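Coordinate inspection notes
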Amino acid sequence: MTQATNTLTSTFTPTFTKLVSKEGGREYPLKAINICEETFAPLEVAYDYDLIRRQVSRESIQAGPNSIWRYRAFLPVESENPIDVGTGMTPLVKSNRLARRLGLKNLYLKNDAVNMPTLSFKDRVVSVALTRAKELGFTTVSCASTGNLANSTAAIAAHAGLDCCVFIPADLEAGKILGTLIYNPTVMAVKGNYDQVNRLCCEVANTHEWGFVNINLRAYYSEGSKTLGFEVAEQLGWKLPDHIVAPLASGSLYTKIYKGFQEFVKVGLVEDKPVRFSGAQAEGCSPIAQAFREGRDFISPVKPNTVAKSIAIGNPADGVYALELARKTGGNIESVTDKEIIEGIKLLAETEGIFTETAGGTTIAVLKKLVEAKKIDPDETTVVYITGNGLKTQEAVQGYIGEPLLIEPKLDSFERALERSRTLERLEWQQVLV
């Protein structure tokens, strides 16, 4: 293993060098731009991997902060003091009860339901985006969001002292609206779905000099998702898994986990091996899964209609790249019904004590579907990404879970209620057996 000549806490030389079009390779300067002028393809951040190799080792990373910034050399920032609110290094939980229920031997859950500060993986991408926004001179930041991103942008902007205006669909879950308003940003609730919100934000970005984390800053923002790949490799003992299952919205998270794995291989931190990538979508918004199922190499936009609002993007910007990744790695992209999503939320909660939102319910439901279709080897190391907290989307499970047993403050009232609950439990098991 190459020893680092610098550590993350001493002299730091930025390692990102330019922006490059994902189609055609045209190069661009490191500014607030996200689309190639010639091909209209997304732009990617390019790095000097020889420089990274000289700066990092396993030991230097482990000596770094207990946050995403232990991987600073792999991220597009110049600052010696990036915005660090404790984001990242979330638990990689070795599943026992869920694994047994599904018949798997080596199942892990990457639990970003407890990510800081707003309980979703979006805190990773926003920490990177707002650090870069400050470096580029922006004083107002913004986003188009299905909820989690608005929470993160508002919270981290407040911490960083940046003005903030976020855009959300007007029918968003109450928990996510409240979880944004508490940080006192300006919130624009748009009468439309996410794709309509995003189109409006593109127009606003062209007329206001604001840093939109998922528009003009998107090339930098999306790099934060790589840390979900870095952490899993480190937490597995500097090894790659055999198979990952992750939710698909725009497709960016999915492809960036892969990029993170490949970058660790490229600089010699882990050994290369095949990793299968499987993706999860809700049937009510499954343009990538539909294209995968039909063998298409293009995405047909759809109008979202699902309880899984956090991944309800009908025209996914990185959908084609997600398709390519699933196919070249031998993975699968599946969709599940809203009913299966709710059952997925309940299954994860009752087996592992993790309350996830609808995106996580979608991922668990797809995991179950893949197991039942024998598309997951019981012996392979499988990592499932849980990207958000169920406290944000409580409406999704209301009416599908039990009610408290109302009793008098008397022992006999308790005993009657206990017997009633046991009777109901026996009846439920009899229905399952039938």
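Residues numbered from 1 in each chain as written. Predicted model: local features only at pLDDT ≥ 70, side-chain atom pairs only at ≥ 80, totals over all residues. Heavy atoms only, no water.

Quick word on the state of the cysteines
Here the structure, examined in full by the defined rule, presents 0 disulfides. Not engaged in a disulfide, the cysteine Cys36 finds its nearest cysteine sulfur in Cys202; these two sulfurs lie 16 Å apart. Residue class for Cys36 comes out buried when judged on its relative accessible area of 1%. Unpaired in this structure, Cys202 has its nearest cysteine sulfur neighbour in Cys201, at a distance of 7.3 Å. For Cys202, a relative accessible area of 31% puts it in the partly exposed group. (Disulfide = S-S within 2.5 Å. Buried < 20%, exposed > 50% of the residue type's maximum accessible area, 1.4 Å probe, protein only.)

Looking at the nonpolar core
A general feature of soluble globular proteins is that nonpolar side chains tend to end up buried together. The biggest cluster of nonpolar side chains holds 78 residues, and the ones touching the most others in it are Phe74, Leu130, Tyr254, Phe261, Phe264, Ile333 and Tyr385. Beyond its immediate sequence surroundings of up to four residues, Phe264 is in contact with Ile61, Tyr71, Phe74, Phe230, Ala233, Trp238, Leu269 and Val270. Counting 43 residues, the second largest nonpolar core, distinct from the first, contains Cys165, Val336, Ile342 and Ile364. (Core = buried A, V, L, I, M, F, W, Y, C linked by side-chain atoms within 4.5 Å. Contact = heavy atoms within 4.5 Å.)

Details of the sheet that holds strand β1 (residues 16-21)
The strand order across the open sheet built from 3 strands is β2-β1-β3, with neighbouring strands paired in antiparallel fashion. For this open sheet the edge positions go to β2 (27-28) and β3 (43-47), each flanked by a neighbour on one side alone. Of the strand pairs in this sheet, β1 and β3 are connected by 5 bridges, and their pairing is antiparallel. Residue pairing across strands places Val20 opposite Glu44, the latter belonging to β3. (Pairing = 2+ DSSP bridges. Helix = DSSP H or I, 4+ residues; strand = E, 2+ residues; numbered from the N terminus.)

Focus: the UniProt feature "domain: Tryptophan synthase beta chain-like PALP" (unreviewed entry) in the protein
The positions that UniProt labels "domain: Tryptophan synthase beta chain-like PALP" (unreviewed entry) are, in the present scheme, residues 86-388. Across residues 86-388 one finds 44% helix and 16% strand; the C-alpha atoms that close the span lie 16 Å apart. (UniProt positions renumbered as here; feature names shortened; annotations may be inferred.)

What to know about the domain arrangement of the protein
Partitioning the protein into structural domains gives domain 1 (16-74), domain 2 (92-119 + 222-396) and domain 3 (121-218). Contacts between domain 1 and domain 3 engage 8 residues on the former and 11 residues on the latter. Counting each side, the surface lost to burial between domain 1 and domain 3 is near 710 Å², with a carbon and sulfur contribution of 65%. For the domain 1 face of the interface with domain 3, the top three residues by lost area are Ala32, Asn34 and Ile68, together amounting to 57%. Connecting domain 1 to domain 3 are 0 salt bridges. Taken together, the connections running from domain 1 to domain 3 amount to 3 residue pairs in polar contact (both at pLDDT 80 or more). Looking at the side of domain 1 that touches domain 3 residue by residue, the classes come out as 6 nonpolar, 1 polar and 1 charged. (Domains from an automatic or database assignment. Buried area = accessible area lost by both parts, 1.4 Å probe. Salt bridge = Lys/Arg side-chain N within 4 Å of Asp/Glu carboxyl O. Polar contact = N/O pair within 3.5 Å; in protein donor to acceptor, adjacent residues only side chain to side chain. Nonpolar A, V, L, I, M, F, W, Y, C, P; charged D, E, K, R; others polar.)

Quick look at the pairing of strand β5 (residues 107-111)
β5 sits mainly inside the fold: 5 of its 5 residues count as buried. The two faces of β5 match: Leu107, Leu109 and Asn111 on one face and Tyr108 and Lys110 on the other face are all buried. Examined bridge by bridge, strand β4 (residues 92-94) and β5 share 3 bridges and lie antiparallel to one another. If you follow Val93 over to β5, its bridge partner there is Leu109.

Details of the sheet that holds strand β8 (residues 186-190)
The strands making up a sheet associate through backbone hydrogen bonding, with each pair oriented either parallel or antiparallel. Taking strand neighbours across the sheet as the criterion, the 4 strands line up as β8-β7-β6-β9 in an open arrangement whose pairing is parallel. Of all the strands in the sheet, just β8 and β9 (211-212) have a single pairing partner and so form its edges. Sheet topology places strand β6 (residues 140-144) next to strand β7 (residues 163-169); 5 bridges connect them, and they run parallel. If you follow Ala144 over to β7, its bridge partner there is Phe167. Docked against the sheet, helix α7 (residues 194-207) engages β6, β7, β8 and β9, running at close to 145° with respect to β7. (Axes fitted to C-alpha atoms, helices over the stretch in contact; angles between N-to-C directions.)

Quick notes on the side chain of His243
Tracing the backbone shows His243 in strand β10 (residues 243-247). Using a relative accessible area of 0% as the deciding quantity, one classes His243 as buried. If we ignore the near neighbours within four places in the chain, the residues touching His243 are Val275, Arg276, Phe277, Ser278, Lys375, Ile376, Glu380, Thr381, Thr382 and Val383.

Focus on the packing of helix α13 (residues 338-352) against helix α14 (residues 358-372)
The geometry of α13 relative to α14 is characterised by a closest axis approach of 7 Å and an angle of 90° between their N-to-C directions. The angle between α13 and α14 falls in the class roughly perpendicular. On α14, the residues that touch Glu340, Ile341, Gly344, Ile345, Leu347 and Leu348 of α13 are Thr358, Gly361, Thr362, Ile364, Ala365 and Lys368. A breakdown of the residues in the contact of α13 with α14 according to their chemical character gives 6 nonpolar, 4 polar and 2 charged. (Parallel < 35°, antiparallel > 145°, perpendicular 65-115°, else oblique.)

Let's talk about the side chain of Ser145
Its place among the elements puts Ser145 in the loop between β6 and α5 (148-160). Residue Ser145 is classed as buried on the basis of its relative accessible area of 1%. The residues touching Ser145, leaving out its near neighbours within four places in the chain, are Ala150, Phe167, Ile168, Pro169, Tyr194 and Val197.

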